[in-house]
Amino acid sequence: MTEKIVVLGSNGQIGTELVTALRTAYGESNVVACDIRRPDYDIKNSGPFEFVNVLEKDTLNAIFQKYKPTQVYLLAALLSATGEQNPKLAWDLNMNGLLNILDLAITYKTAKVYWPSSIAVFGPNSPKDLTPQFCVMDPNTVYGISKLAGERWCEYYHQKFGLDVRSIRYPGLISWKAAPGGGTTDYAIHIFHDALKKASYTSFLNAGTELPMMYMDDAIRGTIELMDANADDITIRSSYNFTGVSFTPETLADEIRKHIPEFTLNYGANDPRQQIADSWPRSIDDSYAAKDWGWKPEFDLGKLTADMFKNLKK
Ligand code: SER
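Just so it is clear, the structure is predicted and the values come from calculations on it, not from any experiment.

> Would you mind showing me how to read the site of the ligand here?
Taken together, L79, S80, S118, Y143, G183, T184, T185 and W280 make up the full set of residues adjacent to the ligand. A distance of 2.6 Å separates an oxygen atom of the ligand from a polar side-chain atom of S80. With respect to the ligand, the backbone of T184 contributes an N or O atom lying 2.6 Å from an oxygen atom.

> Sorry, what's going on with the environment of D42 here?
The topology assignment puts D42 in the loop between β2 (31-35) and β3 (49-51). Separated by 23 residues in sequence, D42 and V19 have C-alpha atoms that sit 9.7 Å apart.

> I keep staring at the packing of aromatic side chains and nothing clicks. Help me out?
Think of a pair of aromatic rings as described by two things: how far the centres are apart, and how the planes are tilted against each other in angle. In this structure the tally under the stated criterion is 18 aromatic pairs. Considering the side-chain rings of F134 and Y288, the 5.7 Å spacing of their centres and the 90° angle between planes classify their relative orientation as edge-to-face. Of this pair, F134 sits in the loop between β6 (117-118) and α5 (142-161) while Y288 sits in helix α10 (residues 287-293), and the two are 154 residues apart along the sequence. The exposure class assigned to Y288 is partly exposed, which follows from its relative accessible area of 29%. Judged by centre distance (6.5 Å) and plane angle (75°), the ring pair of Y156 and F161 falls under edge-to-face. Owing to a relative accessible area of 37%, Y156 belongs among the partly exposed residues under this scheme. Aromatic ring contacts, followed pair by pair, group Y73, Y114, Y170, Y240, F242, W293 and W295 into a single cluster. The positively charged end of R273 is found above the aromatic ring belonging to F204, 3.5 Å away from the centroid.

> What should I look at first to understand helix α7 (residues 216-228) in this one?
An α-helical segment advances 3.6 residues per turn. Residues three or four places apart therefore align on the same side. Over its 13 residues, α7 runs 18 Å from end to end, which matches the ideal 18 Å to within 8%, given 1.5 Å per residue. Those residues of α7 lying buried are M216, D218, A219, I220, G222, T223, I224, L226 and M227.

> How do you make sense of the environment of T305 when you look at a structure like this?
Note that T305 resides in helix α11 (residues 301-313). Assessed through its relative accessible area of 0%, T305 is described here as buried. Measuring from C-alpha to C-alpha, the distance between T305 and F192 comes to 8.3 Å, with 113 residues separating the pair along the chain.

> Is there a simple way to think about the sheet that holds strand β9 (residues 172-174) in this case?
By definition, the strands of a sheet pair up through backbone hydrogen bonds, in either a parallel or an antiparallel sense. Across the sheet, 3 strands lie side by side as β9-β11-β13; this open sheet has mixed pairing. Of all the strands in the sheet, the pair left with one neighbour each is β9 and β13 (245-247). When strand polarity is set aside, the average angle formed by the axes of neighbouring strands in this sheet is 40°. Pairing of strand β11 (residues 211-215) with β13 involves 3 bridges; the strand directions are antiparallel. Note on β13: the bridge partner recorded for M213 is V245. Lying on the sheet, α11 is in contact with β9, β11 and β13; it crosses β11 at an angle near 55°.

> Just checking my understanding: could you explain the pattern of salt bridges for this structure?
Side chains bearing opposite charge may pair, as long as their charged atoms lie close to each other. Within this structure, the stated rule accounts for 17 salt bridges. In this structure, the salt-bridge partner of K258 is E255, at a minimum N-O distance of 3.1 Å. Look at K258 and you get exposed, because its relative accessible area is 62%. Judged by relative accessible area, which is 12%, E255 ranks as buried.

> Mind showing me how you'd approach the nonpolar core here?
Among the nonpolar cores identified, the biggest contains 38 residues, and I174, Y187, F192, F247, L252 and F263 are the most heavily contacted of them. Listing elements by their share of this core, those giving two or more residues are α5, α6 (187-198), β11, β13, α8 (249-257), α9 (272-278) and α11. Ranked by the residues each element gives to this core, the list is headed by α6, at 6 residues. In this structure, Y187 is in contact with Y201, S203, F204, L205, M213, F247, T248, P249 and L252, ignoring residues within four places of it in sequence.

Conventions used here
Residues numbered from 1 in each chain as written. Predicted model: local features only at pLDDT ≥ 70, side-chain atom pairs only at ≥ 80, totals over all residues. Heavy atoms only, no water. Near = heavy atom within 4 Å. Polar contact = N/O pair within 3.5 Å; in protein donor to acceptor, adjacent residues only side chain to side chain. Helix = DSSP H or I, 4+ residues; strand = E, 2+ residues; numbered from the N terminus. Phe/Tyr/Trp six-rings, centres within 6.5 Å; stacked < 30°, edge-to-face > 60°. Buried < 20%, exposed > 50% of the residue type's maximum accessible area, 1.4 Å probe, protein only. Lys NZ or Arg CZ within 6 Å of the ring centre and 35° of its normal. Expected span 1.5 Å × (residues − 1). Pairing = 2+ DSSP bridges. Axes fitted to C-alpha atoms, helices over the stretch in contact; angles between N-to-C directions. Contact = heavy atoms within 4.5 Å. Salt bridge = Lys/Arg side-chain N within 4 Å of Asp/Glu carboxyl O. Core = buried A, V, L, I, M, F, W, Y, C linked by side-chain atoms within 4.5 Å.

Pasting the structure below:
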């Protein structure tokens, strides 16, 4: 069967790279990119694009009607830092956007749905090191609350209606193609740009703030591997723990100095994102992803740093 894939939120940090990967795998005309904003990237010229707001049910319905997708990826969301500036909008977009898609996937018998969750589902009372798949979860950002509630809805639709919905709890994603979307982990991208521009960076997170991270190449490969896995092998229908490498701003700066020896790292004061970071895990146990669908990251800190510089210099 030919796949027909709809990606909602195609212009964001993940969507920009996921659409390209899916078009390579499934054919350009079979992957429909959708966003509320006009795409700036290759996306516009390499396949179909539609303006879609995931909160507009009629528009969404028309997209399902027109393309009869076999797979839908819902990436449209407000992230942790932006979400705190507009909590009600974050809740509305992250929650009702998901419910709209889950309902339409049932109506149109969409074979598979992908929806990303995040390390933000964990909170101050979750274990910080090698945070397990199942543990106390008390998120204190609207983003984290919406992702945790969304995970429960995904599992609910799977159990009640047999919907094949799959999800990953992404750590901070590091990439060079598109700008990050307003998260707490964005410092780990800004630092590369500033290192090249002025050999110094002022971090909005404090020294010692260790967070789970991943290079985008790994994230895209892992996402497609999860979507390609046998449905029977997927034992987690809320969202899988998933991780690449954990580091602090100073470890990242040490790695950057291997490329730019004069690089200096400073720290800003009292950024609200520090409190968010302090409530999140330092590292993640992703053994369910390894066991169920063979997940294994390829990029360690050295490899991702080298690849970031290689591409940003171009
Ligand atoms: N990168 C995201 C954020 O910082 C985590 O899911 O909000």
